[in-house]
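Breakdown of the fold
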Amino acid sequence: MLTKFETKSNRVKGLSFHSKRPWILTSLHSGVIQLWDYRMGTLIDRFDEHEGPVRGVHFHNSQPLFVSGGDDYKIKVWNYKLHRCLFTLLGHLDYIRTVQFHHEHPWIVSASDDQTIRIWNWQSRTCVSVLTGHNHYVMCASFHPKEDLVVSASLDQTVRVWDIGSLRKKGASPGDDILGLSQMNSDLFGGVDAVVKYVLEGHDRGVNWAAFHPTLPLIVSGADDRQVKLWRMNDTKAWEVDTLRGHMNNVSCVMFHAKQDIIVSNSEDKSIRVWDVTKRTGIQTFRREHDRFWILAAHPEMNLLAAGHDSGMIVFKLERERPAFSVSGDTMFYAKDRFLRFFEFSTQKDTQVIPIRRPSSTGLNQGPRTLSYSPTENAVLICSDVDGGSYELYVIPKDALGRGDVAQEAKRGVGGSAVFIARNRFAVLDKSANQLLVKNLKNEILKKSPLPIATDAIFYAGTGNVLCRAEDRVVIFDLQQRKTLGELQTPFVKYVVWSSDMESVALLSKHAIVIASKTLVHQCTLHETIRVKSGAWDDNGVFIYTTLNHIKYCLPNGDCGIIKTLDIPIYITKVSGNTIFCLDRNGKSKAIVIDATEYIFKLSLMRKRYDHVMNMIRSSRLVGQAMIAYLQQKGFPEVALHFVKDERTRFNLALESGNIQIAVASAKEIDEKDHWYRLGLEALRQGNAGIVEYAYQRTKNFERLSFLYLITGNMEKLTKMLKIAEVKNDVMGQFHNALYLGDVQERVKILENAGHLPLAYITASVHGLHDIAERLASELGADIPSLPKGKVPSLLMPPAPVMCGGDWPLLRVMKGIFEGGLDSVARGAAEDEDEGAEGDWVEELDMHGVEQIGNGEIGEVLADGEVAEEDEEEGGWGLEGLDLPPEEDTPKASSASARSSVFVPPQPGIPVSQIWIQKSSLAAEQAAAGNFDTAMRLLNRQLGIKNFAPLKPMFLDLHAGSHSYLRAFSSASIISLAVERGWSESASPNVRGPPALVFTFSQLEDKLKMGYKSTTAGKFTDALRTFLSILHTIPLIVVESRREVDEVKELIIIVKEYVLGLKMEIKRREIKDDPIRQQELAAYFTHCNLQIPHLRLALQNAMTVCYKAKNLSTAASFARRLLETNPTNEQQAKLARQVIQAAEKNMTDAVELSYDFRNPFVVCGATYVPIYRGQKDVSCPYCSARYLPSQEGQICNVCELTVIGADASGLLCSPSQIR
């Protein structure tokens, strides 16, 4: 059995596969219906409107509907797209056992314990027929897949076949039944739309299941007499053909397999059995330890089965469907239908070569598993699982190609796997001795070679070499020199694919692909959420692979992407140019044409083949957000610019690549305040003062403009800003500009006009403007403010700017390959723009945004011909300010040479924190990188944490601790440096290690010792604080090995016990007026799993409390437990013996406690009451503290972080867990 998916849940009573999507419905004994994606292994939805168990469920084959029937006598029809029940069909008077949609008509058939079968029309929502005749519970009923028949099984020991042909006719013409009499009659008397065709009697007990064969006139049934019976029927009668015996208990469900001649049954004996229909014998049995099976379901199209049992369900296949094949140059040999076939890729010619023997044993999965081919000797090795692993060697005569009927005797042998290692030599794995046997074509052993690791399979790895696979690693072993050439730790490898030049190898496991060199030096690893199926290398060194539903590519640097979506899984055999050759599950050869442009483009970019990139940009239709994002991520925003027509995206890319010219053009097109603001910021970063000014003018951002003029030292324009503020009546703006200019008289005037006379007086006095001060003093009269004595005032003047006037000097950088060759069209336009821009660049200053000014006033402001002067002095872009070498002053016409070197700002790299975010899936490392959102999401998913308040300081510590900060100089911002874990001098500067973390496991061990010390000293509050801080830190630590992961999990359990115990002890000390509760809490404390010294103290404490309260019997039980720990303190032992002596005189308890030390229990972490073994409880997904079911959904009282009873995947604290 090949298990594809497994769930843990309540008992599963009903199952149904969706015909197209990878979904399965399970109906549970708890009343819930779950919808699972078995391919991704995720729960998609749950439906819980039924009261009591739901025994039957079924998907409609074309509509987004499913039907369910339960013990609440209701049949519900649901729409899974709307996530709700559409309607309920009422009519049955007892539990409903099964429900099923008809494949063609709008009917549902249901079987019930009310001894009837009902057929319903789900469109009219009425019952159209009641089939009566069984005289006990009807356990199942189903439609025939093609004919108008229904089969039913009942506990009255019969199987009945019903003819519903008349129902089809009735459905076709509704007639003129005005009064609805026939409907009334049918409800009362069962109608006559269905008649019993046959009654099959033969079982000695109640029959649980009966099912039709999909094509043949056969029925199979299973019953409480532990037998599976096979029945045949014709037009007139039905009879028993055979009985299959083997189950040890009631047979729950039984069915024919759609693709093979087998019957599958399951039973309450905890087994699934597979029977051969033709030989009528058992082939195979699959058993579970503790779970009885209840239901089976088969996928309508694929080779999948599902079985429901007491604690969940499994989706499985009986046999592998992957055809065995071997590719050699332009040809491929593959096994199909017990024949060896030959396929030529160039002509796509497919020929049958020779028959290969049928497996003699009756078991499943006995077909060819792998195939190895030696082209020079024309020999084929076929390995299968027959006899626990064996091989067959066929040497194909040259003339056999195309004849395909000449059987020849194969040379056989036993071995786990066999591969050709040279022209006429092959290696066979002998697992028992862990050695390789090298044989010749006569099947004679030439050499034996012990292997370096415990190998369970071997693969070809070049002439004379084999690749040995163990559980967690692979090794390349040279058979000549008997030495290991390379070793690599990997997930369990299923398939190995070598590139044509044997330089690279892809190791395919269930959910990962590892790409390595020929000596197994690791290059990259890809993780897939769904199963990887096959792969092949193309001519460019790109690995093309398939998962269950995609064809994908993987570049040598680990970048991957989707090429095509698949409906059914395929197995790639060869990739040639744009054609992928593959085999499907039926062994048919197909050729799929793909569009390789995307990955060839990325490959060229990666290999710096920029001429290819240019050609592809010019000629292809490579567009889309994904490609733009890829180019951005790889540091080629300037290339992405050439793909984009959308102005907003162009603007963002232009800013990212530092291309101010394109950014200006796009900003003009968009003309939105936010874009001008961002353009201003980028221009400021590049020191392009002219464009900053232009951007601020466009957004009428006068405050920023004033500040810009201040830092560039442009006092003239500052004066102009002061006038504009005056015209706009912006008092604050006027005051700021006057302050920037150091113009005291203007400041006094502004304050006076605004009515702030005391301030105006102080400003005038301090700055020595005595005439104005006297005038203001006379206006103020008696309210003259006093000035402080002994102070020396000084005029606040703005500092002289470091760079005055023009733009900052830029680095001289050679123009990138892309900028010169791509942009002929855009360039002409940009140059025109430049010329136009210089003329009317700056007068925008006054014209823009002076909304409330009349024309006349503007005339006054500009009366002095300022604009003309401005134009002469300031040429906006400031391009003439560059020190160009003389040859650059050539006329524009010969612009080719001018373009070869131009100012381009250097590209900023990706911040290290961003690399950490992309690479890590550990919460601690995400927090260290500052990505708190993701860290919180991960912790919520892994541990169910909802209350993040205790973790906030730790998040901040992690983030602060993973960065160091350097002061540059006063006008530059502080530089942050990432601190990496395990950094060394020899580390490569281009490979980033994970972030350094401030919390380590060793710190927690030290804290644990502190907690123990405080507990021993009786400082319970301190101890509790220490233990809680350990619990709060554990989710945010990272350890390296699996062993340390186990130690972390162990630490959680230790600390949880102490936190729970200490909280109870602190609570006991707070209760003064309830001696009974005091004794109970003291008693429960002794059942926490503490260190022996602390357990002795807890027992002595409980003994003392109970003794004082005259509960002598309970006190004696604590005393005995104390003596069992062999106390080292003689005082403790003596006290315990005295208590036992006193208690033996009077073995009674004064009051009864809610405490039974003989019955094992755990303590509820919230209410502090015992939960005895066998009682229901819920637990905290993180610290595993146990609670009464009523506490579900609350925050855990022990760790104070998680939601009790939440679904969580478990603690992830090590990279080794992800690998």
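Rules used throughout
Residues numbered from 1 in each chain as written. Predicted model: local features only at pLDDT ≥ 70, side-chain atom pairs only at ≥ 80, totals over all residues. Heavy atoms only, no water. Helix = DSSP H or I, 4+ residues; strand = E, 2+ residues; numbered from the N terminus. Buried < 20%, exposed > 50% of the residue type's maximum accessible area, 1.4 Å probe, protein only. Contact = heavy atoms within 4.5 Å. Areas by Shrake-Rupley, 256 points an atom, 1.4 Å probe, with all protein chains shown as cover. Pairing = 2+ DSSP bridges. Axes fitted to C-alpha atoms, helices over the stretch in contact; angles between N-to-C directions. Phe/Tyr/Trp six-rings, centres within 6.5 Å; stacked < 30°, edge-to-face > 60°. Lys NZ or Arg CZ within 6 Å of the ring centre and 35° of its normal. Parallel < 35°, antiparallel > 145°, perpendicular 65-115°, else oblique. Left-handed = near helix turned anticlockwise from the far one by under 90°. Expected span 1.5 Å × (residues − 1). UniProt positions renumbered as here; feature names shortened; annotations may be inferred. Polar contact = N/O pair within 3.5 Å; in protein donor to acceptor, adjacent residues only side chain to side chain. Nonpolar A, V, L, I, M, F, W, Y, C, P; charged D, E, K, R; others polar. Salt bridge = Lys/Arg side-chain N within 4 Å of Asp/Glu carboxyl O.

- In the annotation of an unreviewed UniProt entry, the protein chain is listed under the name Coatomer subunit alpha and assigned to Carnegiea gigantea.

Here we look at the overall build of the protein chain
- Summing up its helical and strand segments, the protein chain has 34 helices and 63 strands in all.
- Residue burial in the protein chain is summarised as follows: out of 1219 residues, 50% are buried.
- Long-range contacts, defined as pairs at least 24 residues apart, comprise 49% of the intrachain contacts of the protein chain with a sequence gap of at least 6.
- Of the roughly 58000 Å² of accessible surface on the protein chain, 51% is carried by carbon and sulfur atoms.

Description of the sheet that holds strand E6 (residues 54-59)
- Reading across from one edge, E6-E7-E8-E9 is the order of the four strands in this open sheet, with antiparallel pairing throughout. With one partner strand each, in any of the chains shown, E6 and strand E9 (84-90) form the two edges of the open sheet. Strand-to-strand twist of the sheet, defined as the mean angle between neighbouring strand axes without regard to direction, takes the value 20 degrees.
- Bridge analysis of strand E7 (residues 65-70) against strand E8 (residues 74-79) gives five bridges, and the strand direction is antiparallel. Among the inter-strand pairings, Leu 65 is bridged to a residue of E8, identified as Asn 79.

Quick word on the packing of aromatic side chains
- A full pass over the atoms with the stated rule returns 32 aromatic pairs.
- Here a set of aromatic residues connected by ring pairs shows up, and it is made of Trp 23, Phe 47, Phe 59, Phe 66, Trp 78 and Tyr 80.
- Lying over the aromatic face of Trp 294, Lys 13 brings its terminal NZ or CZ to 3.8 Å of the ring centre.
- Sitting above the plane of the Tyr 495 ring, Arg 322 keeps its charged end 3.7 Å from the centroid.

Details of the packing of helix H31 (residues 1092-1108) against helix H32 (residues 1112-1124)
- In the contact formed by H31 and H32, the axes pass within 8 Å of each other and the chain directions differ by 160 degrees. Relative to H32, the element H31 lies roughly antiparallel. You can see that H31 and H32 cross each other, and the crossing is left-handed. Each of Leu 1095, Arg 1096, Leu 1099, Gln 1100, Ala 1102, Met 1103, Cys 1106 and Tyr 1107 in H31 lies in contact with H32, whose residues at this interface are Leu 1112, Thr 1114, Ala 1115, Phe 1118, Ala 1119, Arg 1121 and Leu 1122.

Some thoughts on helix H30 (residues 1075-1085)
- For H30, a buried count of nine out of eleven residues is recorded, marking the element as mostly surrounded by other parts of the structure.
- Those residues of H30 not exposed but buried are Arg 1077, Gln 1078, Gln 1079, Glu 1080, Leu 1081, Ala 1082, Ala 1083, Tyr 1084 and Phe 1085.
- Where H30 is buried, its residues meet helix H29 (1042-1070), H31, H32, strand E60 (1161-1163) and strand E61 (1170-1172).

Some details on helix H12 (residues 715-727)
- Taking 1.5 Å per residue as the helical rise, H12 with its 13 residues ought to reach 18 Å, and the 19 Å between its terminal C-alpha atoms agrees with that figure.
- Restricting attention to buried positions, one finds in H12 the residues Lys 717, Leu 718, Lys 720, Met 721, Leu 722, Ile 724 and Ala 725.
- Positive backbone phi, approximately 60 degrees, marks Asn 729, located one or two places after H12.

Structural notes on the environment of Val 475
- Along the chain, Val 475 turns up in strand E43 (residues 473-478).
- Distance in space between the C-alpha atoms of Val 475 and Leu 485 is 7.5 Å, their sequence separation being ten residues.
- Aside from chain neighbours lying at most four places away, what touches Val 475 is Pro 452, Ile 453, Val 466, Leu 467, Cys 468, Thr 484, Gly 486, Glu 487 and Leu 520.

Some details on the pairing of strand E18 (residues 207-212)
- For E18, the tally of buried residues reaches six of six residues, placing the bulk of the element in the interior.
- Sheet topology note: the E18/strand E19 (residues 218-223) ladder contains five bridges and is antiparallel. Its bridge partner lying in E19, Val 207 is registered against Ala 223.
- With antiparallel pairing between neighbouring strands as the criterion, E18 and E19 make up a hairpin whose turn holds five residues.

Some details on the UniProt feature "repeat: WD" (unreviewed entry) in the protein chain
- When the UniProt feature table is mapped onto this chain, "repeat: WD" (unreviewed entry) is found at residues 47-88, 89-130, 131-164, 200-241 and 244-285.
- Within residues 131-164, the helical portion is 0% and the strand portion 59%, while the C-alpha atoms at the span's ends are 10 Å from each other.

A look at the sheet that holds strand E27 (residues 305-309)
- An order of E1-E28-E27-E26 is seen for the four strands of this open sheet, with the pairing classed as antiparallel. Each end of this open sheet is capped by a strand with a single partner; those strands are strand E1 (2-8) and strand E26 (293-298). Averaged over all pairs of adjacent strands, the angle between strand axes in this sheet comes to 15 degrees, irrespective of strand direction.

Observations concerning the side chain of Ser 666
- With respect to the helices and strands, the residue Ser 666 is situated in helix H8 (residues 660-670).
- Given the relative accessible area of 1%, Ser 666 is considered buried.
- There is a polar contact of 2.9 Å between the side chain of Ser 666 and the side chain of Glu 647.
- With sequence-adjacent residues up to four places away left out, Ser 666 is seen in contact with Glu 647, Arg 650 and Phe 651.

Quick look at the environment of Thr 597
- On the secondary structure map, Thr 597 appears in helix H3 (residues 597-606).
- With a relative accessible area of 22%, Thr 597 lands in the partly exposed category.
- Residues Thr 597 and Asn 578, 19 residues apart in the sequence, show an inter-C-alpha distance of 9.2 Å.

Some remarks on the packing of helix H28 (residues 1020-1033) against H29
- Packing of H28 against H29 brings their axes to within 9 Å, and their N-to-C directions diverge by 150 degrees. Where H28 crosses over H29, the two elements pack in a sense that is left-handed. Here H28 contributes Phe 1020, Thr 1021, Ala 1023, Leu 1024, Phe 1027, Leu 1028, Ile 1030 and Leu 1031 to the contact with H29, which in turn contributes Leu 1051, Ile 1052, Val 1055, Tyr 1058, Val 1059, Leu 1062, Lys 1063, Glu 1065, Ile 1066 and Arg 1069.
- Broken down by class, the residue content of the contact of H28 with H29 amounts to 14 nonpolar, one polar and three charged.

With respect to the pattern of salt bridges
- Applying the stated rule across the entire model yields 43 salt bridges.
- Between Glu 487 and Arg 473 there is a salt bridge, with its nearest N and O atoms 2.3 Å apart. Remark: Arg 473 occurs in strand E43 and Glu 487 occurs in strand E44 (residues 483-489); sequence separation between them is 14 residues.
- Classification of Arg 473 by relative accessible area gives partly exposed; the value is 21%.
- Among the ionic pairs, Asp 1022 bridges to Arg 1025, the shortest N-O distance being 3.5 Å. With Asp 1022 and Arg 1025 both in helix H28 and three residues apart, the pair spans about one turn of that helix.
- When salt bridges with common partners are traced through the structure, they connect Glu 6, Arg 288 and Asp 291 into a single cluster.

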